[in-house]
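Fold and geometry: a report
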Amino acid sequence: MRLRQRLIWSVTLVTGVSLTGAFVAVSALFDYSQRSAFDDALLRVAQTESHEASQFNFRFSPRPGPAVSDVGPLRDFGVIYGEDAAVLAATAPFDQQPPRLAQLSSERGRPFDFWFKGLHLRGVLVPIPSSPSKLVLIASSRDKLDATAGFLHRAMFVAFVVAVLWSTVLVIWMVRRQTLHHENIAAVAR
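In this numbering scheme, every chain counts its residues from 1 along its sequence in written order. Note on the predicted model: pLDDT of at least 70 is required for a residue's local features to be given, and 80 or more for side-chain atom pairs to be given and counted; whole-chain, interface and lining totals, by contrast, use all residues. Side-chain measures here rest on the full set of heavy atoms in the structure, leaving out hydrogens and waters.

**Digging into the nonpolar core**
One finds Phe60, Ile80, Ile128, Val136 and Ile138 to be the most contacted residues of the largest nonpolar core, which totals 15 residues. Of all the secondary-structure elements, those providing two or more residues to this core are helix 1 (3–53), strand 4 (119–128) and strand 5 (131–141). By the criteria applied, helices consist of DSSP H or I runs no shorter than four residues and strands consist of E runs no shorter than two, each listed in order from the N terminus. Sorting elements by how many residues they give to this core places helix 1 first, with five residues. Note on definitions: a residue-residue contact is assigned when non-hydrogen atoms from the two residues lie within 4.5 Å. Excluding residues within four positions of it along the chain, Ile138 makes contact with Leu42, Val45, Ala46, Glu49, Phe60, Asp76, Phe77, Gly78, Arg122, Gly123 and Val124. Counting 14 residues, the second-largest nonpolar core is a separate cluster that includes Phe77, Val79, Phe114 and Leu125. The term nonpolar core refers to a set of buried residues drawn from Ala, Val, Leu, Ile, Met, Phe, Trp, Tyr and Cys, joined through side-chain atoms within 4.5 Å. Summary of the burial criterion: residues with accessible area below 20% of their type's maximum are buried, those above 50% are exposed, and those between are partly exposed, where the area comes from a 1.4 Å probe applied to protein chains only.

**Examining the pairing of strand 4**
When you tally the buried positions in strand 4, you get eight out of ten residues, the bulk of the element. Sheet analysis places strand 3 (residues 112–116) next to strand 4, joined by five bridges and oriented antiparallel. By the bridge assignment, Trp115 is partnered in strand 4 with His120. Hairpin connection of strand 3 to strand 4: two residues between the antiparallel strands, including Lys117 at a positive phi of 45°. When DSSP finds at least two bridges between two strands, those strands are taken to pair. Strand direction decides the pairing type here: strand 4 and strand 5, joined by eight bridges, are antiparallel. Bridged to Pro127 within strand 5 is Leu135. Taking the residues between adjacent antiparallel strands as the criterion, strand 4 and strand 5 are bridged by two residues.

**Topic: the side chain of Ser141**
With respect to the element layout, Ser141 can be found in strand 5. Of the residues examined, Ser141 reaches a relative accessible area of 17% and is grouped as buried. At 3.1 Å, the side chain of Ser141 forms a polar contact with the backbone nitrogen of Asp143. Polar contacts, as counted here, are pairs of nitrogen or oxygen atoms within 3.5 Å of one another; within protein the pair requires one atom able to donate a hydrogen and one able to accept it, and residues that are adjacent in sequence qualify only if both atoms are side-chain atoms.

**Observations regarding unusual backbone geometry**
Most peptide bonds adopt trans geometry, and most residues besides glycine take a negative phi value. A cis amide bond links Ala92 to the next residue, Pro93, at an omega of 0°. Along the chain, the position of Pro93 falls in the loop between strand 2 (87–90) and strand 3. Within the chain, Ala85 stands out as a residue other than glycine whose phi angle is a positive 65°. Looking at the secondary structure, you find Ala85 in the loop between strand 1 (76–81) and strand 2. Under the relative-accessibility criterion, Ala85 is labelled partly exposed at 36%.

**Side note on the packing of helix 1 against helix 2 (residues 143–178)**
For the pair helix 1 and helix 2, the least separation of the axes is 9 Å and the interaxial angle reads 160°. As the angle between them shows, helix 1 and helix 2 are arranged roughly antiparallel. Helix-helix and strand crossings are classified by hand; for helix 1 and helix 2 the assignment is right-handed. In the scheme used here, Gly and all other residues not listed as nonpolar or charged are polar, with Ala, Val, Leu, Ile, Met, Phe, Trp, Tyr, Cys and Pro taken as nonpolar and Asp, Glu, Lys and Arg as charged. Across the contact of helix 1 with helix 2, the residue classes break down as 19 nonpolar, ten polar and four charged. To get an axis, a line is fitted to the C-alpha atoms, and for a helix only the part in contact is used. The angle between two axes follows their N-to-C directions and goes from 0 to 180 degrees. Working definition: roughly parallel below 35 degrees, roughly antiparallel above 145 degrees, roughly perpendicular at 65 to 115 degrees, and oblique for all remaining angles. The sense of a crossing depends on the near helix, which, turned anticlockwise from the far helix by less than a right angle, makes the crossing left-handed and, turned clockwise, makes it right-handed.

And the structure:
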């Protein structure tokens, strides 16, 4: 392999690896930030509902849903479970056939992902303060969260391809200019 080709491949490879590392780090940071904001909003709603549950005879409060936050309005679904995992109250779509508590094996107060009738949901289970054996499940669709992450990943992939192609063109031009005299010396030596 000639000197020019080695230089072009080396610089292009270093550029590609560097961009990959940067894009993976930015993507992971963005995903973590979005999920954290979503989890905080979900936990606030769950804690509010758990504090109000005993006031409304272990039913969901009649007030409107959560206010718009930095993650947007949460369309939340809820279930209140009794002592022996019996359903005391549920909102749509859980009112027809709520998820079984045993299937939601999660640490209390820690958000988790689960699927329910084709919906990808993120939920949290919190105990009701006045009745710790009763639990409130609040869940919300991950659609917006997943769509935002998908858009970011596609945009970063396009940016990666464009950046690598553009840097390759620049590297080819720079290497040719820088090695022009080397080619002349090699020709004279041959």
